[in-house]
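# Commentary on secondary and tertiary structure
Chain by chain, the residues:
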Amino acid sequence: TKCESGCVCADGLYENLDGRCVPAEECPCEYGGLAYGRGEQIQTECEICTCMKGKWKCVQKTRCSSTCNLYGEGHITTFDGQRFVFDGNCEYILAMDGCSVNRPISSFKIVTENVICGKSGVTCSRSISIYLGNLTIILRDETFAISGENPGVQYKVKKNALHLMFDIIIPGKYNMTLIWNKHMNFFIKISRETQETICGLCGNYNGNMKDDFETRSKYVASNELEFVNSWKENPLCGDVYFVVDPCSKNPYRKAWAEKTCSIINSPVFSACHNKVNRMPYYEACVRDSCGCDIGGDCRCMCDAIAVYATACLEKGICIDWRTPEFCREF
């Protein structure tokens, strides 16, 4: 509607992020605040996206995997994305197959054991048992032990400063990657080649979040506690009837928890804010930081922040958030 002084690109050329005029073929693509050149790729769990003429062209992967997260004092995100919190001093089945009435033969079962970790009575996931037929892997006390054998299962163990990782292949059925931070966080990433049903606290992995609270008796529970109680490994354990709010039990810790967890909402993670909803992770961080009141409170807080950083990484956003003064690598 009016003239403005300045520079424009010639017909057929477009300004790139460096201020240069380039043809459409050389236009970059943007993702998470970063620029990607022509032909560069990013990958998500289900897609491979290639930058072409300034736009992402995405192709579905033939194998699509999904991840279940167990972290902190009983926070779970199921394979289909349902979130809930539970407290319970018992062993619970996280995931297993062979859930169908017609084929009740299980090729794997993953069990978590919770122990009390604070004066307020909250629990922390401390021990993970992985059963693969006659092969058993136990994760406990920052290390692991393997017993038995199963020639029908292939596995590799990898370590780094923060994690133990297990790549497990059950031929013709599942490719699994299990990641444990040697403390409270555990991730189960599954790619399956079978229509076999999966069940447990990680949900039924059918793409529908609404029916994830399916109990062992094959009906959808009305609330998460009824659902959680149905997946006790030992039926003699007591049922969970309520979820403790650690910040109500320890109100003196709430201000510290909110302040330290605010890094999730800060510019440090800004590149990820529009890719992964930060509020559930911030709320989980505050909750866990209030609850760990017997020591190791900073570890609880750092673990909770690390879960958000991992979710960002799965979207292709790598955040360098640890410093020597803040959540250095333990």
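Residues numbered from 1 in each chain as written. Predicted model: local features only at pLDDT ≥ 70, side-chain atom pairs only at ≥ 80, totals over all residues. Heavy atoms only, no water.

Here we take up the pairing of strand β17 (residues 164–170). By the criterion of burial, β17 is predominantly enclosed, with 5 of the 7 residues buried. In this sheet, β17 lies alongside strand β16 (residues 154–159) in antiparallel orientation, the contact comprising 6 bridges. If you follow Val157 over to β17, its bridge partner there is Phe166. Here β16 folds back onto β17 in antiparallel fashion, the turn holding 4 residues. Connecting β17 to the antiparallel partner strand β18 (residues 174–180) that follows it, the hairpin turn spans 3 residues, and Gly172 within it adopts a positive phi of roughly 80°. (Buried < 20%, exposed > 50% of the residue type's maximum accessible area, 1.4 Å probe, protein only. Helix = DSSP H or I, 4+ residues; strand = E, 2+ residues; numbered from the N terminus. Pairing = 2+ DSSP bridges.)

Another point: the pattern of salt bridges. What the rule picks out here adds up to 6 salt bridges. Between Lys158 and Asp167 there is a salt bridge whose closest N-O contact spans 2.8 Å. Assessed through its relative accessible area of 41%, Lys158 is described here as partly exposed. Judged by relative accessible area, which is 22%, Asp167 ranks as partly exposed. The closest approach of N and O atoms between Lys232 and Asp239, which form a salt bridge, is 2.5 Å. A relative accessible area of 10% places Lys232 in the buried class. (Salt bridge = Lys/Arg side-chain N within 4 Å of Asp/Glu carboxyl O.)

How big an interface is tends to be reported as the loss of accessible area on association of its parts. Domain boundaries in the protein chain define domain 1 (13–60), domain 2 (65–230) and domain 3 (246–315). Computed over C-alpha atoms only, the centres of domain 1 and domain 2 are separated by 37 Å. (Domains from an automatic or database assignment.)

So, about the sheet that holds strand β5 (residues 41–43). With antiparallel pairing, 3 strands are arranged side by side in an open sheet as β5-β6-β7. Unpaired on one side and paired on the other, β5 and β7 (55–60) mark the two borders of the sheet. If you compare each strand with its neighbour and ignore which way they point, the axes differ by 25° on average. (Axes fitted to C-alpha atoms, helices over the stretch in contact; angles between N-to-C directions.)

All buried positions along helix α3 (residues 254–261) are accounted for by Ala257, Thr260 and Cys261. End-on view of α3: buried residues confined to an arc of 95°, all on one side of the axis. For α3, exposure combined with an orientation more than 90 degrees from the buried face picks out Ala255 and Lys259. (Arc of directions from axis to C-beta.)

Let us now look at the sheet that holds β16. Spatially, 7 strands are ordered β10-β9-β8-β19-β18-β17-β16 in an open sheet, and the strand pairing comes out antiparallel. Edge positions in the sheet fall to β10 (83–85) and β16, since each of these pairs with one other strand and no more. Strand-to-strand, the axes of this sheet are offset by a mean angle of 15°, without reference to chain direction. Pairing of β17 with β18 involves 7 bridges; the strand directions are antiparallel. Counterpart to Ile170 in the pairing with β18 is Tyr174.

Further remarks concern the state of the cysteines. Per the counting criterion, the structure on display carries 10 disulfides. Two residues, Cys68 and Cys202, share a disulfide whose sulfurs are 2.0 Å apart. The chirality of the disulfide connecting Cys68 with Cys202 is left-handed, given an S-S dihedral of about -75°. With Cys68 in strand β8 (residues 65–71) and Cys202 in the loop between β20 (198–199) and α1 (224–230), this pair connects stretches of sequence that are 134 residues apart. No difference in accessibility class separates Cys68 from Cys202, as the two residues are buried. The disulfide partner of Cys247 is Cys290, and the gap between their sulfur atoms is 2.1 Å. Sign of the S-S torsion, about 90° for the bond between Cys247 and Cys290, identifies this disulfide as right-handed. With Cys247 in helix α2 (residues 246–249) and Cys290 in helix α5 (residues 279–291), this residue pair connects regions lying 43 residues apart in the sequence. In this pair, the class of Cys247 matches that of Cys290, namely buried. Not engaged in a disulfide, the cysteine Cys3 finds its nearest cysteine sulfur in Cys7; these two sulfurs lie 15 Å apart. The exposure class assigned to Cys3 is exposed, which follows from its relative accessible area of 83%. (Disulfide = S-S within 2.5 Å.)

Taking 1.5 Å per residue, 13 residues should reach 18 Å; α5 reaches 18 Å between its end C-alpha atoms and fits that length. Counting buried positions along α5 gives 10 out of 13 residues, so the element sits mostly inside the fold. For α5, the set of buried residues is Tyr281, Tyr282, Ala284, Cys285, Val286, Arg287, Asp288, Ser289, Cys290 and Gly291. (Expected span 1.5 Å × (residues − 1).)

Applying the stated criterion to the full structure yields 14 aromatic pairs. Considering the side-chain rings of Phe84 and Phe227, the 5.7 Å spacing of their centres and the 80° angle between planes classify their relative orientation as edge-to-face. Note that Phe84 is positioned in strand β10 and Phe227 in helix α1, a separation of 143 residues in sequence. When sorted by exposure, Phe84 lands in the same class as Phe227, which is buried. Ring geometry for Phe269 against Trp321: centres 6.4 Å apart, planes inclined by 40°, an arrangement best described as tilted. With a gap of 52 residues between them, Phe269 in the loop between α3 and α4 (270–273) and Trp321 in the segment after α6 (297–314) connect regions that are remote in the sequence. Following the ring pairs from residue to residue traces out a cluster consisting of Tyr71, Phe269, Tyr281, Tyr308, Trp321 and Phe326. The side chain of Arg83 reaches across the aromatic face of Tyr281, ending 4.7 Å from its centre. (Phe/Tyr/Trp six-rings, centres within 6.5 Å; stacked < 30°, edge-to-face > 60°. Lys NZ or Arg CZ within 6 Å of the ring centre and 35° of its normal.)

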